[in-house]
Amino acid sequence: MALRLVSDFDLRKDVLPWLRSQRAASAAAGARGGGPGVLENNYESLRILNVERNGNIIYTYKDDKGNVFFGLYDCRTRQNEHLYTFEKDLHVVSCSVNSERTLLAASLVHFTKEGRKNELQPGSKCLTLLVEIHPVNNVKVLKAVDSYIWVQFLYPHVESHPLAENHLLLISEEKYIEKIHIQVIQEDGNRVVLKDSGHLPRERVAEDFVWAQWDMSEQRLYYIDLKKSRSVLKCIQFSADEKFNLMFEAPLDITLSDSGFKLVNFGCDDLQDQENLSKHLTLCVFTNHTGTLCVCYSPKFDSWEKITYSVFYFHKGHSKTFTAALGSVDSRVTKGLTFLNLDYYVAVYLPGHFFHLLNIQHPDLICHSLFLTGNNEVVDMLPHSPLQSLSGSLVLDWCSGKLSRAVLNQSYLLQFLWNTRLDYEKMGALHCVLSWGRDHPFLEAKIIQWISENISACHSFDLIQEFIIASSYWSIYPETSDMDKLLPYSSVLAWNTEIPGITLVTEEIPLPFMKVHSFKGYWEKLNSNLEYIKYSKPHLLYNNSMVQREWHSLISEEKTGRRRSMVYVRNILDNAMKVISNLEARNLEPRLTPLFQEEDNPQRLLMGLMVSELKDHLLRHLQGVEKKKIEQMVLDYISKLLDLICQILETSWRKHHLHPSVLHFRRASAAEFTVFHIMTRILKATSSLFLPLPPGFHTLHTLLGVHCLPLHNLLHYIDDGVLLLTETAVTRLMKDLDNSEKNEKLKFSIIVRLPPLIGQKICRLWDHPMSSNIISRNHVKRLLLNYKKEPRSSMIDKSPGSVEFLPLNYFIEILTDRESSSQALYALEGHDNVDAKFVEEAALKHTTMLLGL
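Each chain has its residues counted from 1, following the order in which its sequence is written. Per-residue local features are limited, in this predicted model, to residues with pLDDT of at least 70; the limit for side-chain atom pairs, both in listing and counting, is 80 or more; totals at the level of whole chains, interfaces and linings are taken over all residues. Hydrogens and water are ignored here; the side-chain numbers use all heavy atoms of the structure.

Let us now look at the sheet that holds strand 1 (residues 3-10). Only strands that DSSP links by at least two bridges are regarded as paired with each other. In this description a helix means any DSSP run of H or I spanning at least four residues, a strand means any run of E spanning at least two, and both kinds are numbered starting from the N terminus. Strand order across the open sheet formed by four strands is 1-29-28-27, with antiparallel pairing between neighbours. Edge strands, defined here as strands with exactly one partner in the open sheet, are strand 1 and strand 27 (387-389). Taken over all neighbouring pairs, the strand axes of this sheet differ in orientation by 35 degrees on average, direction set aside. Here an angle of 0 to 180 degrees is reported between the N-to-C directions of two axes, which are lines fitted to C-alpha atoms, with helices fitted over the stretch in contact.

What follows is the structure in structure tokens.
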């Protein structure tokens, strides 16, 4: 199953044993009235009423006399507590307890049959009471009306000391919400009573709404009212200083009836017919700590063949409306659509039909979400009973009395990666695993193993590229949520492939209008997201284009022997050294692959330039983050990029049992061909994004290429830039290969492809007429640079043993004269052991070889 429900609370496991022990104790003591005197067959009346902000769970049941018992389960101590008992046969609509557990608010209706009067308050339908329960004392009637009332205590964020004033929300079926101020005092020690029960100030919070949702964790109230038949979403934030503020208004393009009334997360909603949920609309608001604001909406079903649902991504400025096919006409929908908040994802679930994991952090491309459908366990993984999504990925199953935490099943998703053949499912599953298991070595190792064995399995995107970019992104994302605007999340910028079973329409939507001007916490991040949508053009995502231009400039200068300020180059190389040190500090285990064993100046320059450019990019756009922290984030990010490449290589080498000795030149094995292919794919993935490679990568790649490829293929790879002839690799070739005819051809083919400066060095390592010829040609070329012909004597001095070949003698005399000039000596500084005599000998040897003498 892609999603697991990990149980945090179960009525039958966490409450029933305690109730039975209380029953036994009461029976033994002959207690009556206050204790939970229960009969076994009344346990079916046990149900959850509410989950408070601190995680405490309020529940109720009836004893054999119909008395209503209220209990509380403390999620921290895992202990149960009896709160209060109403000795009447009542039905509980709603209940809430303040954070100090000194006051209990309850809304009740008389459990009557038709024609039976309400014994509590004749003529009233619903009675709302406030009870002193520390200890049990007075009962205050807050309301006695003909409409249902729901109650909810506000929980301040500061709970270090008892509060003198409590605040209670009353939500009326008559479409208004009140806030009641309740002052308490202590008497006779710890006895807590109402200070002025006859006067409890009230203020109107909202009215004329048709839908409302409570966020217990963040103490927010979302509600929708209709203005000129237009739905407007509003949010009120309750603060610890007793104040509340209207935070925003946002128009919603949905159809709601003015006569409708719907509450979400105000306790158990058992007043609606749960069997007919599929006939009603579903609407809920989800947020997370990064400043996301999503409204999930599904209208009433109008077809048995398809279902439509919309997600309004206010933090991105657009909505997506999905239409999912339900299969055959006989496949009727008997359950409602369920939306579950999973932090970075929203799960959309229709039992027996489909399961859609929506990426709300990066919703632009449908391939970054995961859509599963079919007649397997994937789409039938959760209970068929109605589920209620609470804060922090909590899921409440009212019917079974279970409170669970919804988590993505990493083991299942990894197995799914191995088995699926569809690119969009691979992409979606990969991002699910990385976002939930970010920076988890075990998960990364499993993904790398999968990549190594399926290197060419994806056709719509580069698997290595996607993994490197996404995993590096998630490795530093927790440092600041603004990273989603500044760093690439994926290598895929567009997705045009249809996903079977689902279609979508994307539309721009009006942004929420913020009603306050000072922001903190979540609201600061939401406002930052909205400001980004309004003003950030073009997008601020980092790319290496600037690095690419500067790197090419530096490499060009190096090839021609010119260099700009040494201080500038030294700073770049120091940046690279910091990355390598940071990487080595994070990975203490020895590597099997022979990387980081050479200077590899080009890669170090690329690494250092990326450090400099990325640091400047983040410093420009990350507000309020210390420079040192940004510098460390940059080092961590680039270290992660390199480490992932090293891990892919290391996994391949270990899997195929390779060893550095494999580079001794002999016949290549199938395993070596496979590793060479993987290295080529790594090179392709990094080069298109212009990412650095671990120093020594190109040397290792080239040596494996020489090892595995026929000469014509090898030269083709070199000429196309796939294999780079590093000085280290060529030096090793010259030293390790003998001068057989085949190897001579290889060496000569490589030498003529080297840049002049490196070629001159390499030729001195190869004791062969070919290298002497090349050295001589280069020497002559330098000597005769800017040479002007001057009148010369027709007599040529012949030294003893000189060859009777006048053109050669004349040419050597010119070279000798050029060598004797001080200017030429200065120009040739460092070119030892090469002179006119060397050139003469090389020329004669070459002529002898050409004539076959």
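Relative orientation and spacing of two packed helices are given, respectively, by the angle between their axes and the distance between those axes. It is the contact of helix 3 (residues 423-436) with helix 5 (residues 463-476), at a shortest axis distance of 10 Å, that shows an interaxial angle of 25 degrees. On the basis of their axis angle, the class for helix 3 and helix 5 is roughly parallel. When you trace helix 3 past helix 5, the crossing you get is right-handed. Together, Met427, Leu430, His431, Leu434 and Ser435 of helix 3 and Glu466, Phe467, Ala470, Ser471 and Trp474 of helix 5 make up the contact between the two elements. Its residues assigned to classes, the contact of helix 3 with helix 5 comprises six nonpolar, three polar and one charged. Should an angle lie under 35 degrees it is considered roughly parallel, over 145 roughly antiparallel, and from 65 to 115 roughly perpendicular; all remaining angles are considered oblique. In this scheme, a crossing is called left-handed if the near helix is turned counterclockwise away from the far one by less than a right angle; it is called right-handed if the turn is clockwise. What makes two residues a contact is simply this: any of their non-hydrogen atoms within 4.5 Å. Three residue categories are used. Nonpolar comprises Ala, Val, Leu, Ile, Met, Phe, Trp, Tyr, Cys and Pro, charged comprises Asp, Glu, Lys and Arg, and polar comprises the others, including Gly.

The next subject is the nonpolar core. A general feature of soluble globular proteins is that nonpolar side chains tend to end up buried together. Take the buried Ala, Val, Leu, Ile, Met, Phe, Trp, Tyr and Cys residues and link them wherever side-chain atoms come within 4.5 Å; each set so joined is a nonpolar core. Only protein chains enter the area calculation, which uses a 1.4 Å probe; residues under 20% of their type maximum are buried, those over 50% are exposed, and those in between are partly exposed. Core analysis: the biggest nonpolar cluster contains 149 residues, and Tyr309, Phe354 and Ile638 have the highest contact counts within it. At 14 residues, helix 11 (residues 627-655) tops the list of elements feeding residues into this core. With sequence-adjacent residues up to four places away left out, isoleucine 638 is seen in contact with Val579, Met607, Met610, Val611, Leu614 and Pro692. Leu142, Phe238, Leu263 and Leu396 belong to the second largest nonpolar core, which has 57 residues in total.

Now for the side chain of serine 172. Mapped onto the elements of the fold, serine 172 is located in strand 10 (residues 165-172). Non-local contacts of serine 172, meaning those with residues more than four positions away in its chain, are made with Ser147, Tyr148, Ile149, Phe209 and Phe261.

Salt bridge, as used here: a side-chain nitrogen of Lys or Arg that lies within 4 Å of a carboxyl oxygen of Asp or Glu. This model, assessed by the stated rule, comprises 24 salt bridges. Its salt-bridge partner being arginine 204, residue glutamate 178 comes within 3.8 Å of it at the nearest N-O pair. Taken together, the positions of glutamate 178 in strand 11 (residues 176-187) and arginine 204 in strand 13 (residues 202-207) put the pair 26 residues apart, joining distant regions of the chain. Between lysine 655 and glutamate 453 there is a salt bridge; the shortest N-O distance is 3.6 Å. One end of the pair, lysine 655, is in helix 11; the other, glutamate 453, is in helix 4 (residues 441-453), and 202 residues separate them in sequence. Overall, the relative accessible area of 39% leaves lysine 655 in the partly exposed class. You can call glutamate 453 partly exposed: its relative accessible area is 39%. By sharing partners, the salt bridges in this structure join Lys143, Glu178, Arg202, Arg204 and Glu207 into a single network.

For helix 14 (residues 711-719), the full list of buried residues reads Leu714, Leu715 and Ile718. Angularly, the buried residues of helix 14 cover 95 degrees about the axis, an arc narrow enough to put them on a single face. The inward-facing, buried residues of helix 14 abut helix 13 (697-708) and helix 16 (741-751). Positive backbone phi, approximately 80 degrees, marks glycine 721, located one or two places after helix 14. The arc in question is traced by the directions running from the helix axis to the C-beta atoms.

What follows covers the packing of aromatic side chains. Between rings of Phe, Tyr and Trp, where Trp is taken as its six-membered ring, a pair exists when centres lie within 6.5 Å; planes separated by under 30 degrees are stacked, by over 60 edge-to-face, and by other angles tilted. In total, this model carries 30 aromatic pairs according to the counting rule given. Each ring, one from phenylalanine 209 and one from phenylalanine 261, has its centre 5.8 Å from the other, and the planes form 45 degrees; the classification is tilted. Highlighted residues: phenylalanine 209 in strand 14 (residues 209-215) and phenylalanine 261 in the loop between strand 17 (244-252) and strand 18 (262-264), separated in sequence by 52 residues. The class for phenylalanine 209 is buried, based on a relative accessible area of 0%. Look at phenylalanine 261 and you get partly exposed, because its relative accessible area is 22%.

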